[in-house]
Every structure is written in structure tokens, then in C-alpha cells.
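Here is what each chain is made of, one letter per residue.
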Amino acid sequence: EVQLVQSGAEVKKPGEFLKISCKGSGYRFTSYWIGWVRQMPGKGLEWMGIIYPGDSDTRYSPSFQGQVTISADKSISTAYLQWSSLKASDSAMYYCVRRPTDTSNIDPWGQGTLVTVSS
Amino acid sequence: QSALTQPASVSGSPGQSITISCTGTSSDIRDSNYVSWYQQHPDKAPKLIIYDVSNRPSGVSNRFSGSKSGNTASLTISGLQAEDEADYYCSSYIITNTLDVVFGGGTKLTVL
């Protein structure tokens, strides 16, 4: 079974560092892009960016460029999303997704990681 | 890149059919065959129900169908059931950068 399993919920203070993870299994991790999607409380889905674990080619949506860092460690089939200095406005649910190159079959989705930033 | 436009809400009675529209531009929906739809129940991760405009993933009910005309994609749910009550989102790849994705704002479906 193809699965993406994300790390658990986080509660952080403004200005802190955070790195959340997404571990893939059941498929060749290096052959598919992994994307990250933000969903703020009560709001819609926003595409943040994408990484190809095979060569770490990384692209960011303009709204998130410079705000987050996406990385991957192909040796452990895990992708990451990190913030160097969190803001309260980063409080949201974050999903990782598997994204093929030549179809819009964006599936599966991870279960989500809830990030809460509060002083 | 602006979000795709969806109605905020739609409703229907059990057994009826409803259609949710998703309007984009020539930069996305009109010239892209990479349009998808997702269903999201409260406190759950989104689930893919339509990809490449009109394809259903394995295991998704054939009551869900997708289509596209010009700048607008549509999701039709036939034979509405109580379990269909959820939020629905469309997405499209962007023509000038197919690694980028734009989502619709979401539509709340209420089954009366």
C-alpha cells in the first residue's frame, strides 16, 4: 500500500525553528515528486512547493518562496518542511502529497501535521 | 497565481444530482488536462476523487464524474447520499509552470 505518514502535531512559540516530516512507503520514493499543502483554520488548500527526492530539485510557489524550506533524505524516504523562525500566522494544518509528473493523480495525501504557533 | 473560483456552497436532497463549477483562466484550466477534484470531510485529509479532468481513481464511486469546457471544470455527483456532505476542492496545474498547482477556494456541499 502506498502511504505517506507525517510527523505529529507541534506547539511552538513565535521565532522558534520547526521541521516536520513525511515518510513515504510502498513505492519508489525517488521517482515521484512530493508536494506540501497548507490549510489554515477554516480555510482552503494552498500549494506551497514541491521536491523531487531523486535529485532534490525543489520549486516553491511564489507565496511561500523564502518563507519555508523543503528538503528530502532519499536514504530514509522522507521529505521535510521547515521554518527557521515561526510566526503566529504559520499556524495551520500541513499536508504532504505524492505528485506524479505526467498526470494530476495527486495521491495519496499524508494524514496532516497540525502546527500551532502561540506565545 | 489567483485561486480558481468555486461557489461557496451548494445543496441537494438525497437521490438528486448536483454540479460544482470551478472557473479558471487560460493559464490553467482552459489549456490544461491536469484538473483534479478532492473531497474533504471535517478533520480529515482531502481525498482525490477525480484526476486528469474526468478520471476516477480506483475505489471511487462512479456517482462522481468530472468534465471541462473552456475555462470551467465541473464535478457532478449523482444519486446524492448523506455521506457526500463534505467540502470539495478543484485544482489545476499551471500551464507556464506545470510543477505549480492552483486550488479552488472550496465548496461546501450540504445534503438536505
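Nothing here was measured: the structure is a model prediction, and the numbers come from that model.

Draft legend 1. Representation of the nonpolar core within the structure. Counting 24 residues, the largest nonpolar core has Trp37, Ile49, Leu75, Ile77 and Tyr88 of chain B as the members making the most contacts within it. With 4 residues, strand β7 (residues 86-94) of chain B is the single largest residue contributor to this core. Those residues in contact with isoleucine 77 of chain B, other than ones at most four positions away along the chain, are Gln16, Ser17, Ile18, Arg63, Phe64, Asp84, Tyr88 and Leu109 of chain B. With 22 residues, the next largest nonpolar core counts Leu4, Phe64, Ala92 and Val117 of chain A among its residues.

Draft legend 2. Structural view of the sheet that holds strand β7 (residues 69-73) of chain A. Residues and elements named next belong to chain A. Pairing in this open sheet of 4 strands is antiparallel, and the strands run β1-β3-β8-β7 from one edge to the other. Both outer strands of the open sheet, β1 (3-6) and β7, are each paired with one neighbouring strand and no more. Geometrically, the sheet is characterised by an average inter-axis angle of 20 degrees between neighbouring strands, direction not taken into account.

Draft legend 3. Structural detail: the interface of chain B and chain A. The interface of chain B with chain A comprises 19 residues on the first partner and 25 residues on the second. Taking both sides of the interface into account, the surface hidden between chain B and chain A amounts to around 1800 Å²; carbon and sulfur atoms contribute 57%. The tally of links between chain B and chain A comes to 0 salt bridges. The interface formed by chain B and chain A holds 10 residue pairs in polar contact (both at pLDDT 80 or more) in total. Taken together, the elements giving at least two residues each to the side of chain B that touches chain A come down to β3 (35-40), β7 and β8 (97-103) of chain B. With 5 residues, β8 of chain B is the largest single contributor of residues to the side of chain B that touches chain A. Each residue belonging to the side of chain B that touches chain A can be placed in one class, and the counts come to 12 nonpolar, 4 polar and 3 charged.

Conventions we followed
Residues numbered from 1 in each chain as written. Chains lettered and ligands numbered in written order. Predicted model: local features only at pLDDT ≥ 70, side-chain atom pairs only at ≥ 80, totals over all residues. Heavy atoms only, no water. Core = buried A, V, L, I, M, F, W, Y, C linked by side-chain atoms within 4.5 Å. Buried < 20%, exposed > 50% of the residue type's maximum accessible area, 1.4 Å probe, protein only. Helix = DSSP H or I, 4+ residues; strand = E, 2+ residues; numbered from the N terminus. Contact = heavy atoms within 4.5 Å. Pairing = 2+ DSSP bridges. Axes fitted to C-alpha atoms, helices over the stretch in contact; angles between N-to-C directions. Buried area = accessible area lost by both parts, 1.4 Å probe. Salt bridge = Lys/Arg side-chain N within 4 Å of Asp/Glu carboxyl O. Polar contact = N/O pair within 3.5 Å; in protein donor to acceptor, adjacent residues only side chain to side chain. Nonpolar A, V, L, I, M, F, W, Y, C, P; charged D, E, K, R; others polar.

Bear in mind that shape data such as this cannot, by itself, settle questions of function.
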